[in-house]
Amino acid sequence: MNVNPQSEGRKQTLVNSVPLSFSSYPCPHSSNALRQRYRWLAVTALMLGLLISGCDSTNRKPTDSAQSNKPKVVSTSTIITDWTEQVGGDEIQLKGILKPGADPHVYEPVPVDSQALEEADLILYNGYNLEPGLIKLMNSAGVKAKKFAVGEVVKPLDLPHQGKQVPDPHVWGDAKNAIAMVNAIRDRLIELSPEDKEKFTQNAAQLTAQLQQVDIWIREEIQTIPQQQRKLVTTHDAFQYYARAYGIPVAGTLIGISTEEQPSAQTVKRLSDSVKGVGVAAIFAETTINPALIKTVAEEAGVKLAPRQLYSDSIGAPGSEGDTYVKMLVANTRTIVEALGGQYRAFESAQKSKTTSRQ
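Residues numbered from 1 in each chain as written. Predicted model: local features only at pLDDT ≥ 70, side-chain atom pairs only at ≥ 80, totals over all residues. Heavy atoms only, no water.

**Student:** Please give an account of the packing of helix α4 (residues 78-88) against helix α7 (residues 175-192) that cites residues and values.
**Tutor:** In a pair of packed helices, the angle between the axes and the distance between the axes together describe the arrangement. For the pair α4 and α7, interaxial distance at closest approach is 10 Å and the crossing angle is 55 degrees. Regarding the angle of α4 to α7, the classification is oblique. α4 and α7 meet at a crossing whose hand is right-handed. Two secondary-structure elements touch here, α4 through Ile80, Trp83, Thr84, Val87 and Gly88 and α7 through Ala178, Met181, Val182, Ile185, Arg186 and Leu189. (Axes fitted to C-alpha atoms, helices over the stretch in contact; angles between N-to-C directions. Helix = DSSP H or I, 4+ residues; strand = E, 2+ residues; numbered from the N terminus. Parallel < 35°, antiparallel > 145°, perpendicular 65-115°, else oblique. Left-handed = near helix turned anticlockwise from the far one by under 90°. Contact = heavy atoms within 4.5 Å.)

Structure follows, in structure tokens:
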């Protein structure tokens, strides 16, 4: 039998490299002893592998498996994401596509959005063509999830757009509309995960109770503005529902229902003249739109541009005064009341005062 010297050398090197005392091994000159030595090394390696694997599984988060079994819900706008997060809690995996400050009218989907929509069990979107790019994507062939237009549970107000009347998608301006939409989200989540019905119902009840309180508070706040000053002039037509619900008419906007519109110099002049005519105390910029043109309107009309911007199509960034839907409504109301000569009282303070008066 021919023996390869290099092969035998490698075997001997392997044996000699083992950092163990050879005194515990059988005689190395025996072939049986050599096989036993290799067998012993193999068993030792296997035991070490199992030990390492056991440590790894011990350190792994126990929630990983549970998390993967939760229903996957995708929401489009930041407002719907906020509601869904509060109602769904820890019982769902929630992915919000739009980030705070993003404009749903002009948002262009990216590849990661397609993946999220394709993996979803349920897609919650506003509807009434608020987010046209995402609506087109979610209706593509690869998306099999259940889809629900949250905003379309509300009977819409109409606005002119490109020569015709279309539904105004900014339905969240009225807190009572928000209550209807939150309850619709609750029902869709119950359909998706019936075993979590009690939790979804409890969460939705807590949120709607807060919305009922803020709805009353907004009405009271707007009433503190002098009657002749209760007029809104904003960058785009996103406050019709708020205006109708709380008694502060929209006196003018720079652009219409969608931020895709580009106002001309004539439009800017026309609005400036209109602002002069109605005699408003201040006009308002919005957080999702460049304020340059509305600032020009204020300068040409000789009126104040409110120092704080309104949240229109998105809640604020985390840590901002409008980083939830409720806080967004409160922040907007404060901005309007203070700029138009009303007497602002903080939402929390107002609730405490009512509680004390009942006792």
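**Student:** A description of the environment of Asn69 should follow, citing residues and the corresponding values.
**Tutor:** In this fold, Asn69 is placed in the loop between α3 (63-68) and β1 (72-75). For the pair formed by Asn69 and Gln93, sequence separation is 24 residues and the distance between their alpha carbons is 9.0 Å.

**Student:** So what's going on with the pairing of strand β2 (residues 93-96)? Residues and values would help.
**Tutor:** Of the pairings in the sheet, the one linking β1 to β2 comprises four bridges and is parallel in character. Opposite Val73, over in β2, you have Leu94 as the bridge partner. The β-α-β motif built from β1, the intervening α4 and the parallel element β2 has right-handed crossover chirality. (Pairing = 2+ DSSP bridges. Right-handed = clockwise from strand over helix to strand, strands pointing away.)

**Student:** Could you give an account of the sheet that holds β1, with specific residues and numbers?
**Tutor:** Taken together, the four strands give an open sheet; going across it, the order is β2-β1-β3-β4, and neighbouring strands pair in parallel fashion. For this open sheet the edge positions go to β2 and β4 (146-149), each flanked by a neighbour on one side alone. With strand direction ignored, the average angle separating the axes of adjacent strands in the sheet is 20 degrees. Both β1 and strand β3 (residues 122-125) contribute to a ladder of three bridges, which runs parallel. By the bridge assignment for β3, Val74 is matched with Ile123. The strands touched by α4 are β1, β2 and β3; relative to β2, the strand with the most contacts, the crossing angle is about 170 degrees. Relative to β3, α7 is tilted by about 175 degrees, and along the sheet it contacts β1, β3 and β4.

**Student:** Go over the pattern of salt bridges, please, and point to the residues and values.
**Tutor:** For the structure shown, the criterion picks out seven salt bridges. Residues Arg188 and Glu191 are paired through a salt bridge, measuring 3.0 Å at the closest nitrogen-oxygen approach. Highlighted residues: Arg188 and Glu191, both in helix α7, separated by three residues, approximately one helical turn. The salt bridge partner of Asp215 is Arg219, with a shortest N-O separation of 3.4 Å. (Salt bridge = Lys/Arg side-chain N within 4 Å of Asp/Glu carboxyl O.)

**Student:** So what's going on with the nonpolar core? Residues and values would help.
**Tutor:** Counting residues in each nonpolar core, the largest one holds 59 residues, and the members touching the most others are Trp83, Val214, Tyr325 and Ile336. Taken together, the elements giving at least two residues each to this core come down to α4, β3, α7, α8 (197-222), α9 (240-246) and α12 (325-339). Once residues within four sequence positions are removed from consideration, Trp83 is found in contact with Val150, Trp172, Ala178, Met181, Val182, Ile185, Leu207 and Tyr325. Within the second largest apolar cluster, 15 residues are counted, among which are Ile97, Leu117, Tyr125 and Val143. (Core = buried A, V, L, I, M, F, W, Y, C linked by side-chain atoms within 4.5 Å. Buried < 20%, exposed > 50% of the residue type's maximum accessible area, 1.4 Å probe, protein only.)

**Student:** Residues and numbers for the side chain of Gln229, please.
**Tutor:** Mapped onto the elements, Gln229 comes out in the loop between α8 and β7 (232-236). A distance of 3.3 Å separates a polar side-chain atom of Gln229 from the backbone nitrogen of Ala281. Discounting residues that sit within four places of it in the chain, Gln229 has contacts with Gly279, Val280, Ala281 and Leu340. (Polar contact = N/O pair within 3.5 Å; in protein donor to acceptor, adjacent residues only side chain to side chain.)

**Student:** Go over the environment of Val297 with me, naming the residues and quoting the values.
**Tutor:** If you trace the backbone, Val297 turns up in helix α11 (residues 292-301). According to the relative accessible area criterion, Val297 is buried, its value standing at 0%. Note: C-alpha distance between Val297 and Ser274 (23 residues apart in sequence) is 10.0 Å. Apart from residues no more than four positions distant in its own chain, Val297 is found in contact with Leu254, Val268, Leu271, Ser272, Val275 and Ile283.

**Student:** Would you mind going over α11 in detail, with residue names and values included?
**Tutor:** Where α11 is concerned, the buried positions are Ile294, Val297, Ala298 and Ala301. Buried residues of α11, seen end-on, are gathered within an arc of 95 degrees and therefore sit on one face of the element. The inward-facing, buried residues of α11 contact β7, β8 (250-255), α10 (265-278), β9 (282-283) and β10 (304-305). Residue Gly302 follows α11 closely and has a positive phi angle near 70 degrees. (Arc of directions from axis to C-beta.)

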